Amino acid sequence: MIEIVLALAIGVLTAAGVWLLLRPRTFQVIVGLCLISYAVNIFIFAMGRLKSAAPPVTAAGLETPALYDDPTPQALVLTAIVISFALTALLLVVMLAARGATGSDHIDGQEPEA
């Protein structure tokens, strides 16, 4: 049951992120990139197969690694969170500079004529 909920959450986040990436405003594109990065983080974390109440890997426990929790997905997700935060901050600064230069937050710098 939890696998279905997890797959649905990843799918909804990815679909919403792609939909927002296709929007004409820069802020919507940035939010879409954030949603896609959240979906990827959840996917990576889910692939690590977390075990509840499992101890971390220690030097003494390397004989039977199946009994221990895998720290690699957790480290990958932590790194991805830091990188996505920096990317979001950079994109927001670029968006504000482009809005100041063009007077619009439209992707191509011009408002569509009605």
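You'll find the structure just up there.
Our subject in this report is the structure included herewith. Please read these numbers as outputs of a predicted model, since none were measured by experiment.

Focus on the overall build of the chain
Argument step 1. The number of helices and strands found in the chain is three helices and zero strands.
Argument step 2. Along its sequence from the N terminus, the chain presents helices and strands in the succession α-α-α.
Argument step 3. Computed over the C-alpha atoms, the radius of gyration of the chain is 20 Å, more than 25% above the 13 Å expected from 2.2 N^0.38 for a compact globule of 114 residues.
Argument step 4. Buried residues in the chain amount to 18% of all 114 residues.
Argument step 5. Here the analysis covers contacts within the chain between residues at least 6 apart in sequence; of these, 51% occur between residues at least 24 apart.
Argument step 6. Put simply, the chain shows about 8200 Å² of open surface, and 74% of that area lies on carbon and sulfur atoms.
Argument step 7. In the chain, which carries 5 positive and 8 negative side-chain charges, the distance between the mean positions of the two groups comes to 3 Å.

Conventions we followed
- Residue positions within a chain follow its written sequence, with the count starting from 1.
- Side-chain atom pairs in this predicted model are given and counted only at pLDDT of 80 or more, local residue features only at pLDDT of at least 70, and totals for whole chains, interfaces and linings cover all residues.
- Calculation of side-chain values draws on the structure's entire complement of heavy atoms; hydrogens and water are dropped beforehand.
- Helix and strand assignments follow DSSP, with helices taken as H or I runs no shorter than four residues and strands as E runs no shorter than two, numbered in order from the N terminus.
- In this treatment the radius of gyration is a C-alpha quantity, and the globule benchmark scales as 2.2 Å times the residue count to the 0.38 power.
- A simple rule labels every residue: compare its accessible area, found with a 1.4 Å probe on the protein chains alone, to the largest value its type can have, and call it buried under 20%, exposed over 50%, or partly exposed in between.
- The contact criterion used throughout is that any non-hydrogen atoms of two residues lie within 4.5 Å.
- Per-residue and other accessible areas follow the Shrake-Rupley method at a 1.4 Å probe size, with only the shown protein chains counted as cover for residues.
- In this count, Lys and Arg are taken as positive residues and Asp and Glu as negative ones, while His and the chain termini are left out.
- Think of each charge as sitting on NZ of Lys, CZ of Arg, CG of Asp or CD of Glu.

As far as function goes, none of this settles anything; it's purely spatial.
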